[in-house]
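# Architecture at a glance
What follows is each chain in one-letter form.
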Amino acid sequence: MARRNKILVPEARQGLDQLKAKVVQSQSPEDAKFEAAEEVGVPLKKGYNGQLTSEQAGKVGGRLGGSMVRELVKMAQENLRKKR
């Protein structure tokens with residue numbers, strides 16, 4: 001499946017994929033979105049998912065993106081505490 005998001009720092013892809021897997025508590029980054037979809041009750045499958053509504057797709061993306069942002073904020077706060 002082709003990625004549509006362009007990362008500003010391509011070298012960060014592996015780290016972001018690991019973070020995605022961590023926030024969903026998945027074994028692999030590739031399975032993270034399927035596990036997130038299952039948690040929110042969205043019938044996501046491998047391959048084409050054109051039958052999904054915008055609301056369903058947003059639930060999956062929001063679950064992943066929101067969790068990733070929260071984790072990044074925690075990591076930044078922790079780093080700031082360590083520097084003091």
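Small disclaimer: the values here were computed from a predicted structure and weren't measured.

## Here's the deal with the overall build of the chain
On a plain count of helices and strands, the chain comes out with three helices and zero strands. When the elements of the chain are put in sequence order from the N terminus, they spell out α-α-α. Once the C-alpha set of the chain is aligned to its principal axes, its extents read approximately 50 × 25 × 25 Å. Burial statistics for the chain: of 84 residues in total, 25% are counted as buried. At a minimum sequence separation of 6, the contacts of the chain that also span at least 24 residues come to 36%. If you sum the accessible surface of the chain, you get close to 6,600 Å²; carbon and sulfur atoms cover 53% of it. Positive and negative charge centroids in the chain, built from 17 and 10 side chains respectively, lie 6 Å apart.

## Some remarks on the side chain of serine 26
Residue placement: serine 26 occurs in the loop between helix H1 (13-24) and helix H2 (29-40). Engagement of the side chain of serine 26 in a polar contact is seen with the side chain of glutamate 35, the distance being 3.2 Å. Among residues more than four places away in sequence, those in contact with serine 26 are Ala21, Asp31, Ala32 and Glu35.

## As for H1
Between its first and last C-alpha, H1 extends 17 Å over twelve residues, near the 16 Å set by a 1.5 Å rise per residue. Turning to H1, its buried residues number three or more, namely Asp17, Leu19, Lys20, Ala21, Val23 and Val24. Packing partners of the buried residues in H1 comprise H2 and helix H3 (54-83).

## Topic: the pattern of salt bridges
For the structure on display, the rule yields four salt bridges. Glutamate 71 is the partner of lysine 22 in a salt bridge, and the nearest nitrogen-oxygen pair spans 3.1 Å. Taken together, the residues span a long stretch of sequence, with lysine 22 in helix H1 and glutamate 71 in helix H3 at a distance of 49 residues. Classification of glutamate 71 by relative accessible area gives buried; the value is 17%.

Cut-offs applied
Residues numbered from 1 in each chain as written. Predicted model: local features only at pLDDT ≥ 70, side-chain atom pairs only at ≥ 80, totals over all residues. Heavy atoms only, no water. Helix = DSSP H or I, 4+ residues; strand = E, 2+ residues; numbered from the N terminus. Buried < 20%, exposed > 50% of the residue type's maximum accessible area, 1.4 Å probe, protein only. Contact = heavy atoms within 4.5 Å. Areas by Shrake-Rupley, 256 points an atom, 1.4 Å probe, with all protein chains shown as cover. Lys, Arg positive; Asp, Glu negative; His and termini not counted. Charge placed at Lys NZ, Arg CZ, Asp CG, Glu CD. Polar contact = N/O pair within 3.5 Å; in protein donor to acceptor, adjacent residues only side chain to side chain. Expected span 1.5 Å × (residues − 1). Salt bridge = Lys/Arg side-chain N within 4 Å of Asp/Glu carboxyl O.

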